[in-house]
Amino acid sequence: MVIRGLPGSGKSTVAKIIASKLGNVGIVDPDEVDVKSDEFLELRRSVTGEIPDRTVIYRFDLRNAKQYLTENKMVIWPQPWTKVWGIEKAVRSLKSEFPDLEVNVVQFDLPPEHANERVMQRAASGGHTFNEKSMQDFILANEEWQNNLGFEIPYFHLTPIDNPEDLADQIITFLKRQ
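Residues numbered from 1 in each chain as written. Predicted model: local features only at pLDDT ≥ 70, side-chain atom pairs only at ≥ 80, totals over all residues. Heavy atoms only, no water.

1. What about the confidence of the model for the protein chain?
Next up, step 1: Per-residue confidence for the protein chain averages 85 on the pLDDT scale, and 90% of its residues sit at or above 70.
Next up, step 2: When mean pLDDT is taken per element in the protein chain, strand E2 (residues 25-27) scores highest with 97 and strand E5 (residues 155-158) scores lowest with 69. (pLDDT = per-residue confidence, 0-100. Helix = DSSP H or I, 4+ residues; strand = E, 2+ residues; numbered from the N terminus.)

2. Quick notes on unusual backbone geometry
Next up, step 1: In this structure, Asn24 is a non-glycine residue whose phi angle is positive, near 50 degrees.
Next up, step 2: Tracing the backbone shows Asn24 in the loop between helix H1 (11-22) and E2.
Next up, step 3: Backbone geometry places Asn72, a non-glycine residue, at a positive phi of 60 degrees.
Next up, step 4: Looking at the secondary structure, you find Asn72 in the loop between helix H3 (53-70) and strand E3 (74-78).

3. Overview of the pairing of strand E1 (residues 2-5)
Side chains on a regular strand alternate between the two faces of the sheet.
Next up, step 1: Of the two faces of E1, both are covered, the one formed by Val2 and Arg4 as well as the one formed by Ile3 and Gly5.
Next up, step 2: Two strands pair when backbone bridges link them, and E1 and E3 are joined in this way by 2 bridges, in the parallel orientation. The residue of E3 that forms the bridge with Ile3 is Pro78.
Next up, step 3: With 4 bridges joining them, E1 and strand E4 (residues 105-108) adopt parallel strand pairing. Following the sheet pairing, Gly5 is matched in E4 by Phe108. (Buried < 20%, exposed > 50% of the residue type's maximum accessible area, 1.4 Å probe, protein only. Pairing = 2+ DSSP bridges.)

4. Let's talk about the environment of Val2
Next up, step 1: Relative to the helices and strands, Val2 resides in strand E1.
Next up, step 2: For the pair Val2 and Met135, spaced 133 residues apart in sequence, the C-alpha to C-alpha distance is 20 Å.
Next up, step 3: Here Val2 is in contact with Trp77, Trp81, Ile87, Asn104, Val105 and Val106, once residues within four sequence places are set aside. (Contact = heavy atoms within 4.5 Å.)

5. Points about the packing of aromatic side chains
Next up, step 1: Scanning the entire structure with this criterion turns up 2 aromatic pairs.
Next up, step 2: Relative to Phe60, the ring of Phe40 lies with its centre 5.5 Å away and its plane at 70 degrees, an arrangement referred to as edge-to-face. Within this pair, whereas Phe40 is found in helix H2 (residues 38-46), its partner Phe60 is found in helix H3, the two being separated by 20 residues in sequence. Residue Phe40 shares its accessibility class with Phe60, and that shared class is buried.
Next up, step 3: With a centroid separation of 6.0 Å and an interplanar angle of 25 degrees, the aromatic rings of Tyr58 and Trp77 are classed as stacked. (Phe/Tyr/Trp six-rings, centres within 6.5 Å; stacked < 30°, edge-to-face > 60°.)

6. Section: the side chain of Asn64
Next up, step 1: Inspection of the secondary structure puts Asn64 in helix H3.
Next up, step 2: Here Asn64 falls in the buried class, since its relative accessible area comes to 16%.
Next up, step 3: In this view, Asn64 contacts Val28 and Glu39; residues no more than four positions away in its chain are not counted.

Spelled out as structure tokens, the structure:
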């Protein structure tokens, strides 16, 4: 399952709640990748050429998703996914090795002003943040993404202003119907 939406929309928080409720879940969250870990640095060294860290993080998450699927775990991938082709590429890659894989997308439709406020609150408490230009890029890409989903997968919209526990329960209900 992919959870996408603006930074600050609660993707990671809800993913963790779902994982704790369902068990046997692997979360591949780019915000949680330890870029100083031996595992990440080994992948970084194996990549040739000048490749940005975010691309290596994507490859790291993709590799971890495949490992979780090999272990018969459900995968939750909370990420903004600013480019439609990015998620299409990830889905194709996973389905090439796991052809029966069922993929669902949950879209968190949080108004940009709320997302920005949450990112600032997270930064104030020591969490990761984005500069204003990056946040504006995420907002523009989010609008474009919603209008250009180019493949057929179950897609569920939520407005994550509610309690994260309630959102997790709604997503679990959605998944059980699929």
